[in-house]
Amino acid sequence: MTKNGIPQVLVAGSGIGGLAAALACARQGVSVQLLERAAQLSEVGAGIQIGPNVTRILQAWGLGDALAQVAAFPKRLQARDAQTGQVLGSLRLAERAQALYGAPYATIHRADLQDLLHAAAQTAGVAVRLGQAVQGWHETAEGLQVDAADGSNVQADALVGADGVWSAVRQQLLGDAPARFTGHLAYRALLAQADLPAHLRTDEVTVWMGPRLHVVHYPVRSGQWLNLVAIVHGDKPAQANAWDAAGHTQTLMQAMGGVGKDLHERLAAVPAWRQWALHDRAPMTAAREMAQGRVALLGDAAHPMRPYLAQGAGMAIEDAQVLAQCLAQGAGSVSARLKAYAEQRWARNAQVQARAIRNGQIFHATGPVALGRNLSMRLLGERVMDVPWLYGGGPVAD
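Nothing here was measured: the structure is a model prediction, and the numbers come from that model.

Here we look at the sheet that holds strand β10 (residues 153–156)
Okay, so step 1: Ordered in space as β8-β9-β10, the three strands form an open sheet in which the pairing is antiparallel. Strands at the two margins of the open sheet, each flanked by one partner only, are β8 (134–139) and β10. Taking each pair of neighbouring strands and ignoring which way they run, the sheet shows an average axis angle of 25°.
Okay, so step 2: Judged from the five bridges that link them, β8 and strand β9 (residues 144–148) form a sheet pairing that is antiparallel.

The structure is reproduced here in structure tokens:
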């Protein structure tokens, strides 16, 4: 199966992680097929934030101009108290991010990033098979035989499970427990900025922090739309695995309690919410959680994380870059190259997972902890809000 020492790879899942993996591998000359269980790529999900560690990779892949056409590039990240409305601290983005980290901070609708990656992958020659889920695999003398949902099978040197938090590839590879419910419920909405009163329109990222809750909103789609997400504590819903369910405004407002008028006005401007239950896994502890033999995991299949560091998609894109480098430029067997990928990635992913959990505790703090948070942000501002180890780290793109 291997041609000129370059493996032929099958990627399961065409979300951001799967498309990024397929594109990154194709750019390195790796033959890639991508299997997606959905019959078509649909426009689901919410906005996402992508820090300089991520935009740096996208630019290296030649996607900088395409990104500029659909993303927004906020000037500032602002933290506010959800009850008083007081500004607690701010972090300059825009020129500061470019100067310090060599790439911008962007906000984008998930579907726009997915479309961008899909178009680039197709241009790079990636074969995409829709309506096909990976059912399982087994070793053969030549590599792997991967069984698809239509009864067909695909021969490959390596299988990459990028099939999300409920990954079937992970289930066969690791056989561990399902992802855990965090006790947090997210409500999201997308609003046209032109439909909002002028004082509610914004070109910034704003995080409102309150007891057992927080809200974040920022521009997407070249600044024309506002993505808004409210996260509260709550019981596990009946359809806990659903990514996109109707959210009830009354239920959300009851869970949020007494927020201040500034935040309440923004929430009241939303005509309808979509809801999903947040799931994650404990921070990774070893490379074997990302790769064994000829099978590797990537993105949420490997390390689903809470959204409080805004790096879920970012870590998947970093994974994709390292995976492609190890497969195309590494030495030894396919298994050895996938092991090298996992060894390079697991600790950074674990660090981001742990920091995201900690951030959630800080965002949702009550009592003295919340008072200490507010005081430190007022006094230290950018020094506590910036994350140079994150934005300045990660793989070197080529």
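Next comes the rest of the description.
Describing the sheet that holds strand β7 (residues 127–130)
Okay, so step 1: Overall, mixed pairing links the six strands, which are arranged β7-β2-β1-β11-β19-β18 in an open sheet. A single partner strand is all that each edge strand has here, and the edge strands are β7 and β18 (291–292).
Okay, so step 2: In the packing of helix α1 (residues 16–27) onto the sheet, contacts are made with β1 (8–12) and β2 (31–36), and the angle to β2 comes to roughly 165°.

Here we look at the pairing of strand β11 (residues 158–161)
Regular strands place side chains that alternate from one sheet face to the opposite one.
Okay, so step 1: Neither face of β11 is open: one carries Ala158 and Val160, the other Leu159 and Gly161, and all of them are buried.
Okay, so step 2: Here β11 pairs with strand β19 (residues 295–297) via three bridges, running parallel. Across the sheet, residue Gly161 finds its bridge partner in β19, namely Leu297.

So, the packing of α1 against helix α5 (residues 110–123)
Two measures define how a pair of helices packs: the angle their axes make with one another and the distance between the axes.
Okay, so step 1: Interaxial distance between α1 and α5 falls to 9 Å at its minimum, and their mutual angle equals 25°. Considering the angle they form, α1 stands roughly parallel to α5. Two packed elements cross with a definite hand, and for α1 against α5 that hand is left-handed. Each of Ile16, Leu19, Ala20 and Leu23 in α1 lies in contact with α5, whose residues at this interface are Arg110, Leu113, Gln114, Leu117, His118, Ala120 and Ala121.
Okay, so step 2: Of the residues that constitute the contact of α1 with α5, the class distribution is eight nonpolar, two polar and one charged.

What about the side chain of Gln132?
Okay, so step 1: Take Gln132: it is sitting in the loop between β7 and β8.
Okay, so step 2: Of note is the side chain of Gln132, whose polar atom sits 3.1 Å from the backbone nitrogen of Asp150.
Okay, so step 3: Apart from residues no more than four positions distant in its own chain, Gln132 is found in contact with Leu35, Glu36, Arg37, Ala148, Ala149 and Asp150.

Calculation rules
Residues numbered from 1 in each chain as written. Predicted model: local features only at pLDDT ≥ 70, side-chain atom pairs only at ≥ 80, totals over all residues. Heavy atoms only, no water. Pairing = 2+ DSSP bridges. Helix = DSSP H or I, 4+ residues; strand = E, 2+ residues; numbered from the N terminus. Axes fitted to C-alpha atoms, helices over the stretch in contact; angles between N-to-C directions. Contact = heavy atoms within 4.5 Å. Buried < 20%, exposed > 50% of the residue type's maximum accessible area, 1.4 Å probe, protein only. Parallel < 35°, antiparallel > 145°, perpendicular 65-115°, else oblique. Left-handed = near helix turned anticlockwise from the far one by under 90°. Nonpolar A, V, L, I, M, F, W, Y, C, P; charged D, E, K, R; others polar. Polar contact = N/O pair within 3.5 Å; in protein donor to acceptor, adjacent residues only side chain to side chain.

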